[in-house]
Amino acid sequence: MKNQVDACKMSWFFLNGTLVKLTWKSLWNRRINLILTVISIAISVALLIGVEYLNKETKTSFLNTVSGTDLVVGARSGPIQLLLYSVFHIGNATNNIGWDSYQKISKNKYVKWTIPLSLGDSHKGFRVLGTNQNFFIHFKYGEKQALVFLQGKPFSSVYDAVLGASVADKLGYKIGDKFIVAHGGGATSFSLHKDKPFTVTGILKPTGTPVDQTVLVTLEGIEAIHIDWRSGAPTGLKISAEKAAKMNLTPKVITAFLVGMKNRITSFKVQRNINNYPHEALLAILPGVALADLWHTLGQFEKVLRIITLFVVIAGLLGMLTSIISTLNERRREMAILRATGAHPSQIFLLFIIEAFILSFLGALLGMLIVFIGVIVARPWVLSHYGFHLHTWMPSLMDATILALVILFAVLFSLLPSWIAYRRSLQDGLTVKL
Amino acid sequence: MKLKNMKLKWLLSSIIFTLSIVILSACDGSGSGDKTSATNKSKNNTKPDIGALITDLTGLGDSDGEDQAASDEYRELDWKELAPDTTAEEKIIAKYQPQIDKIPEGGKGAQPIYDKMIAEFNALPANPKLDGQKIKIPGYVTILEQEKGLVSEFLLVPYFGACIHVPPPPLNNTLLIKPKKDKRIHIDDAYSPVWIKGIIHTKNTKTDLATAGYLIENADVELFDSKE
């Protein structure tokens, strides 16, 4: 009896080392099955990791966009809409606001500074923003960081322009280059302000905010290019660039403005005053509060997206489970041969566990590779279309946990076919009737 | 033998599925691990009603704010103490009451008078007696600044939805709070009421506009636990 037990133990140790080899050879024998299962798991894992990564990237970028601003003021619409078009340059304003309203509010005794913003034009798909020197002095992002120039300096004359880092990068503009601004927001415009080109005087360093995708020009410049236009179209009257520059270029309307208070505690008071301003329908928001609200809304979507991707992973693993179970029958002879050469039924059990482990492990690795390459490929497109920079994907603790869970689930799912194979190998013994 | 076989199969399958459900439900709540340097756990994710008063939660409405048990060197401050002079408030109301009485119900002339009244309320000086005191006070958060999702500067107000509630809280009923770096709460938790502990500084509204009002720097921020 003792000898038999010893013999069993010996064959156990002998075969275990080669068990992995055997599993692999068996899998390779069915390599189409192997490749397809690995790809299916890879895609679902790539989806799971990719969604987590994108969520993290967009959130970081999103939270860094505005800092040190106490109020954002625009025509009356909704707080999130105002935040989106004035700061993120997503969407459009419902209306403009009058210059005199802006002037009056700027002179409020609690107000320290204001930055006027004028939107509506574009250049090759990039938004053109009319503003003044205050933008470079007071605009802050991230952790109260100010804008820094890579080259050049802020505007000094009517047709000067400063480019965000991505604009200069993508279009290859340098200091001194001239360009034409288009009316409206499309990448291809049929309404060009051809006769009044702008000159690049400065290029900003990258900020990781929508400023990188913005072309900054003077308020007067925006007025000048529209001086001989009415209702969004050129009139017959042609006024040259030089002539326009000498005319009265005080704007009559702007799109929105940012406000900094002398004392932040007075923000509520001034916000209330602006919202109740009797001469015009205005909306003043606290950007911190609006940002948090938008964040909460996005968070709901994020939860839903996460649940969906989890189900996709489970579907992928069930696919693997199905393929293993479906081949159980045709592998009965394989199991019989293994039993004949001394494999213990528990090793047959292990064979399937190892198989599931290999499949899910390879699938997970391939999934990570897909995400890594995908990020690198998508980076330039995302930068020009959405305004944020995708950092190179690196596996994090969260990703490692996800992978461990995926492999764990795969192994758990494989307990079923393993058990079936184990029982069958006991029943079948050495004779298999297929 | 066959029956045992079946039972075990079902047992295994049921174990697998219950485990899946358990882990799924746990995964649903897990964040992306960004909540570093915030020692507070999110306890309350539902938005309070607009205008919900903090005193409803703390039940401090009628106390006169005397020193609490000496175990905590920070004494609990009542919002009423922040508004210094109830007689001054009454004087202002008395001043405008005849004008308000003259206007019929819902008449147009009422708004400018209310505006003037509120302007005078707001101009009431901050209570100088509180300057330098170690206090703790509960309230709601109105975010001013956040860094990477952690609230780095906010206004503490006595009721929820101060930025949309009419009228807004007066200057002497609003505190500017700058939390300690490791005590910043996440913006996900900003709907919850909080306890603030710290040294309160007060500056008279009339003398220095830029620094007027109540300020607590290096404040300790904790999410409200109503069981306290």
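Residues numbered from 1 in each chain as written. Chains lettered and ligands numbered in written order. Predicted model: local features only at pLDDT ≥ 70, side-chain atom pairs only at ≥ 80, totals over all residues.

**Section: the overall build of chain A**
Here comes step 1: Counting its secondary structure elements, chain A contains 13 helices and 17 strands.
Here comes step 2: The C-alpha atoms of chain A give a radius of gyration of 32 Å, which is well past the 22 Å a tight globule of 434 residues would have.
Here comes step 3: With the principal axes as the frame, chain A shows a C-alpha extent of 110 × 45 × 35 Å.
Here comes step 4: Scored against the burial criterion, the 434 residues of chain A give a buried share of 39%. (Helix = DSSP H or I, 4+ residues; strand = E, 2+ residues; numbered from the N terminus. Rg over C-alpha atoms; globule rule 2.2 N^0.38 Å. Buried ≥ 20, exposed ≤ 12 C-beta atoms within 10 Å, placed from the backbone.)

**Digging into helix 4 (residues 99-106) of chain A**
All names here are of chain A.
Here comes step 1: Listing the buried residues of helix 4 in full gives Ser-101, Tyr-102 and Ile-105. Around the axis of helix 4, the buried residues are gathered within 100° of arc, so they sit on the same side. Across helix 4 from its buried face, at more than 90 degrees, point the exposed residues Asp-100 and Gln-103. (Arc of directions from axis to C-beta.)

**Digging into the confidence of the model for chain B**
Residue and element names in this part refer to chain B.
Here comes step 1: The pLDDT averaged across chain B works out to 71; a share of 63% of its residues lies at or above 70.
Here comes step 2: Looking over chain B, one finds the lowest element-wise mean pLDDT in helix 1 (residues 2-29), namely 63, and the highest in strand 4 (residues 175-179), namely 91.
Here comes step 3: Within the model, the stretch residues 27-45 combines pLDDT values under 50 with 29 contacts to residues more than four positions away or in other chains.
Here comes step 4: Scored below 50 in pLDDT, residues 60-71 shows ten contacts in the model against residues more than four places distant or in partner chains. (pLDDT = per-residue confidence, 0-100. Contact = placed C-beta atoms within 7 Å.)

**Things to note about the pairing of strand 4 of chain B**
Residues and elements named next belong to chain B.
Here comes step 1: Of all the five residues making up strand 4, four are buried; the element is thus mostly covered by neighbouring parts of the structure.
Here comes step 2: The pairing of strand 3 (residues 150-157) with strand 4 spans three bridges and is antiparallel. Within the sheet, the bridge partner assigned to Leu-156 lies in strand 4 and is Leu-175. (Pairing = 2+ DSSP bridges.)

**Remarks on the environment of B:Thr55**
Residue and element names in this part refer to chain B.
Here comes step 1: Examined against the element boundaries, Thr-55 turns out to sit in helix 2 (residues 54-58).
Here comes step 2: According to the C-beta neighbour criterion, Thr-55 is partly exposed, with 18 such atoms within 10 Å.
Here comes step 3: Each C-alpha atom, one on Thr-55 and one on Phe-17, is 47 Å from the other, the two residues being 38 residues apart in sequence.

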